[in-house]
Amino acid sequence: MAALLVYTSHYEIMSLRTPISFHPKLAAALDLLFGLVLIWWVGRIGTLWLFGIWWLFRAVWWFALVECMYYPPFLSRLRHWATLAVFNLGALFFIIFVDSALARYLVKGIILLVPLVSFLLIPEHADQLSMFAKPERRWRFLMSVFALAGFWSGAFALSAFGVADTNFLRLSVGLTAAVVTVAVSWWWWREYGLSYGKNFWFSSGVLGLVIFEISYCVALWPLGYLVSGLVVVWLWYLLWLLLRFSQTAEGINWRRQRFFLSANALLFTLFLIFIARWK
């Protein structure tokens, strides 16, 4: 009897230590409900420090949710949470600086639905092949691209609204945005299996220098800050992709990339002519 009581007590203690494991779909539903509350809240914020509290509140919520939900062993909770936090910060810049009611509603919809999809893309079983991680990784990459667009649009907005009203402040904002861009580039090069080395650091230096120069040139164009941010991130993605391939053993296959680059050049030109509003 004594042995049974000891075993039962040990079992109860171990049961208390068993972590909560939400199904990914349940986690997505919980995040949707909580996100609706936060979307309502962010629409009533009028001071800058409250936006910071809002971002921190949602980051803490995501940290708790990610810790309590199920993850297969080939996915990382930390990387998912980091992507959500960075995405939310970039989205916050859009919320602060967009001046159109329609655009604000669009950003709020993105803030609500994009994280929801990231939870739904988590595989439900540990025995699923790791190839099912590819859609989740690609979606997180798109979230990071959106965040960079928010960062750069915010950087251009600080100059447009006169917050960065001196050459030193404008230079500091541009350098900060370029450093953030390089950091995100490191992150996703590593996510796609590239290792640290001479080529890695050389590519990072080239990317940072070119992006800073591109941002300086775009700042001289008579474009709005939102369009300017999209232009910089579009060109960053093309450069990031080419530098990623340059670090592989195969290198850049220019024949395969010819159609991709030509299509982007055509779309970029059409975007500047027919969609972008020039001052």
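Above this note sits the structure.
Because the structure is a prediction, the values reported are computed rather than measured.

A.B. asks: When you look at the overall build of the chain in this model, what are you seeing that I'm missing?
C.D. replies: Regarding its fold elements, the chain presents 10 helices and 0 strands. What you see in the chain, going N to C, is helices and strands ordered as α-α-α-α-α-α-α-α-α-α. Along the first, second and third principal axes, the C-alpha set of the chain runs to 85 × 50 × 35 Å. Across the 279 residues in the chain, those meeting the buried criterion constitute 39%. For the chain, the proportion of contacts with a sequence separation of at least 24, taken over those separated by at least 6, is 74%. Of the accessible surface of the chain, which amounts to about 16,100 Å², a share of 71% is contributed by carbon and sulfur atoms. Taking the 21 positively charged and 11 negatively charged side chains of the chain as two groups, their mean positions are separated by 8 Å.

A.B. asks: Just to check I follow, could you spell out the pattern of salt bridges for this structure?
C.D. replies: It is possible for side chains of opposite charge to pair when their charged atoms get near one another. Counted by the stated rule, this structure contains 3 salt bridges. The salt bridge involving Arg140 is made with Glu191; its shortest N-O contact spans 3.2 Å. Within this pair, whereas Arg140 is found in helix 6 (residues 133-160), its partner Glu191 is found in helix 7 (residues 167-191), the two being separated by 51 residues in sequence. A relative accessible area of 9% means that Glu191 is categorised as buried.

A.B. asks: Quick question: what am I supposed to make of helix 4 (residues 77-97) here?
C.D. replies: Because an α-helix completes one turn every 3.6 residues, residues spaced three or four positions apart along the sequence face the same direction. In this model helix 4 runs 31 Å from its N-terminal to its C-terminal C-alpha over 21 residues, within 8% of the 30 Å that 1.5 Å per residue would give. Residues of helix 4 that are buried: His80, Thr83, Leu84, Ala85, Phe87, Asn88, Gly90, Ala91, Leu92, Phe94, Ile95 and Phe97. The secondary structure elements touched by the buried residues of helix 4 are helix 2 (24-42), helix 3 (48-68), helix 5 (101-120), helix 6, helix 7 and helix 9 (225-246).

A.B. asks: Can you walk me through the side chain of Ser228 in this structure?
C.D. replies: Relative to the elements of secondary structure, Ser228 occurs in helix 9. At 2.8 Å, the side chain of Ser228 forms a polar contact with the backbone oxygen of Gly224. Leave out the neighbours within four places in its chain, and Ser228 touches Phe156, Val218 and Leu223.

A.B. asks: Explanation requested: the nonpolar core in the structure shown.
C.D. replies: Grouped burial of nonpolar side chains is what soluble globular proteins tend to show. Core analysis: the biggest nonpolar cluster contains 68 residues, and Phe119, Trp152, Leu207, Ile211, Trp236 and Trp240 have the highest contact counts within it. For this core, the element with the highest residue contribution is helix 6, accounting for 13 residues. The contact partners of Leu207, leaving out residues within four places of it in the chain, are Thr181, Val182, Ser185, Trp189, Trp236, Leu239, Trp240 and Leu243.

About the thresholds
Just so you know, the residues in each chain are numbered from 1, in the order the chain's sequence is written. Totals for whole chains, interfaces and linings use all residues, but because this is a predicted model, local features are given only for residues with pLDDT of at least 70 and pairs of side-chain atoms are given and counted only at 80 or more. Each side-chain value is worked out from all heavy atoms of the structure, with water and hydrogens disregarded. For helices the rule is a DSSP run of H or I covering at least 4 residues; for strands it is a run of E covering at least 2, with both sets numbered from the N terminus onward. Summary of the burial criterion: residues with accessible area below 20% of their type's maximum are buried, those above 50% are exposed, and those between are partly exposed, where the area comes from a 1.4 Å probe applied to protein chains only. It only takes one pair of heavy atoms within 4.5 Å for two residues to be counted as in contact. To be clear on the numbers: accessible area is Shrake-Rupley with a 1.4 Å probe, and residue cover counts the displayed protein chains and nothing else. Under this rule, positive means Lys or Arg and negative means Asp or Glu; His and the chain ends count for nothing. To locate a charge, take atom NZ for lysine, CZ for arginine, CG for aspartate or CD for glutamate. Here, a salt bridge means any Lys or Arg side-chain nitrogen found within 4 Å of an Asp or Glu carboxyl oxygen. A helix is expected to span 1.5 Å for every residue after the first. We define a polar contact as two N or O atoms separated by no more than 3.5 Å, with the added condition that, inside protein, one atom must be a possible hydrogen donor and the other a possible acceptor, whereas residues neighbouring each other in sequence contribute only through side-chain atom pairs. The term nonpolar core refers to a set of buried residues drawn from Ala, Val, Leu, Ile, Met, Phe, Trp, Tyr and Cys, joined through side-chain atoms within 4.5 Å.

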